[in-house]
Amino acid sequence: MPPGVARDMTFNPQDRHLPVFQHPILTVLVDDSRSFMDSLVFQMDRTRPVVTFTDPREALQWIREAYTTRFTGFLPVRVTHDDLTFLTERRTVQLDIDRIHRQIHDIHRFVQPGVIVVDYSMPQMDGLEFCRALQDLPCKTILLTGTADEGVAVQGFNHGLIDRYVKKHDSNMVERLDQEIDALQQQYFTTLSHTLRDLLTRHSFSFLSDAAMAERVRQLAARYGFVEYYLYPNPAGILLLTAQGQATLMVIETRTSLASQVESAEAYDAPAALTEGLREGRIVPFFWPGNGMYTPACVDWEQYCLPAERVEGREEFLYALFDLPRHLLDEPVVSFRTFLTEFERNEGSLTGR
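Remember, it's a predicted structure, so these values are computed and weren't measured experimentally.

The rules behind the values
- Residues numbered from 1 in each chain as written.
- Predicted model: local features only at pLDDT ≥ 70, side-chain atom pairs only at ≥ 80, totals over all residues.
- Heavy atoms only, no water.
- Helix = DSSP H or I, 4+ residues; strand = E, 2+ residues; numbered from the N terminus.
- Pairing = 2+ DSSP bridges.
- Axes fitted to C-alpha atoms, helices over the stretch in contact; angles between N-to-C directions.

1. Concerning unusual backbone geometry
Asn234 connects to Pro235 through a cis peptide bond whose omega is 0°. Tracing the backbone shows Pro235 in the loop between strand S9 (226–232) and strand S10 (237–242). Phi is positive for Asp269, close to 50°, though the residue is something other than glycine. Here Asp269 shows up in the loop between helix H8 (255–267) and helix H9 (272–279).

2. Observations concerning the sheet that holds strand S6 (residues 113–119)
Strand order in the open sheet made by the five strands is S3-S2-S6-S7-S8, with parallel pairing throughout. This sheet does not close on itself; its edge strands, each paired only once, are strand S3 (50–53) and strand S8 (164–167). Neighbour-to-neighbour, the strand axes of the sheet open up by a mean angle of 20°, direction not taken into account. In the sheet, strand S7 (residues 140–145) pairs with S8 via four bridges, with the strands oriented parallel. Counterpart to Leu144 in the pairing with S8 is Val166.

3. Re the sheet that holds S10
The antiparallel open sheet is built from six strands, whose spatial order is S1-S9-S10-S11-S15-S14. Here the strands that pair on one side only, and so sit at the sheet edges, are strand S1 (21–22) and strand S14 (309–312).

Shown next, in the form of C-alpha cells:
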C-alpha cells in the first residue's frame, strides 16, 4: 500500500454484527531485539501507527496506564435517580448516543493500544507471561514465536492467553501479521461495544445486529475509502469518515420509520410527491433543518432526499448516503490523516512516552 494511503476498514467474517463504532488504533510491538522491531515496522503497513518497546515491563506499565487514565472503557450511559428519595430502585439509565460520534473531534481516539504484538522469547518475561498480565484489559494479543515455540503458542491460544500467534520465520510473516492485526482491531471494537449494541438493537438501531447491513457497510467502506464509522442518532444511521475527514451520513430507514416520516410530512401538508415517495419507499430523507423530520423549513424537499437503496436482511432496510453539512458538527473533525502526520512528527506528545 502506498505511503499516506489509509487502508479501508476490515470486518471479521465470524462476527456478522456491526460494532457501534470503529476507527484506527495503535498497535504495540514488544520485542527485546531493537533491530528486529525496526525491520518489522519498516515492512508493515505504512499507515498503521505502531509504538515499540524492548522492555516488556515498561510496555506493561504504559499499556495499563493508558487504559487507567485515558481509556477507561466506552459506554455512553448515565445513571440517574429520583432527586427527592434517592431510592436505588428508582434509578434509570440514560444513553447519550450523541457521545459516540463526538469522538471524531478528539485526536486521542487513535491512540488506544488495541492490539499488542509480543515476542515469546524474551529474557525478562516470556510472551505468555506478558499476555497473562493483560487478560483483564480489552486489548487483543498476538504472540510472535520461533520454530521451537510453536507448541507453547498453541497451548497459550487454547487456554485463552493469546488471540493469535504468528511464526517469525514464515516467508509471509509480515503480510500475515498485518492481516491478523486488522482482524483483531475489529474484534477489539466488538468487545468494547457489545453491551451497548445489545441495548441499542432493541430500540431504533436494529441494523447493528443484521448481517446483511454489516456486509453492505463493508462494501461501502471498500468502495469509498472509509476508514472509520460511528453510530449516528438522529436520523438513525452511520457516520462514515475517510482518512481525510470527509464525513458521509448513511441514513438508514425501515418501513416503520418511513411511516413516521409520512405522518410528519402529512401533518405539515407536504407536497404529495414527497409523501408518496416516502410511503412507497422510493426516497430516503435527511431533513436536517427539521431535526430529522419534515417541517415547513424543508419546503424545497428535493434537496433533502435521495433515491433509496435497499438491503434485504431480517427486515427491509432502505438507505442513502448524504454529505454531512459541516455546521451540524459542533467542532472540526480531527482526521486520521491529521493524526498520522502528528504521530510521525511528535509521537511522544500523543502517547505520553
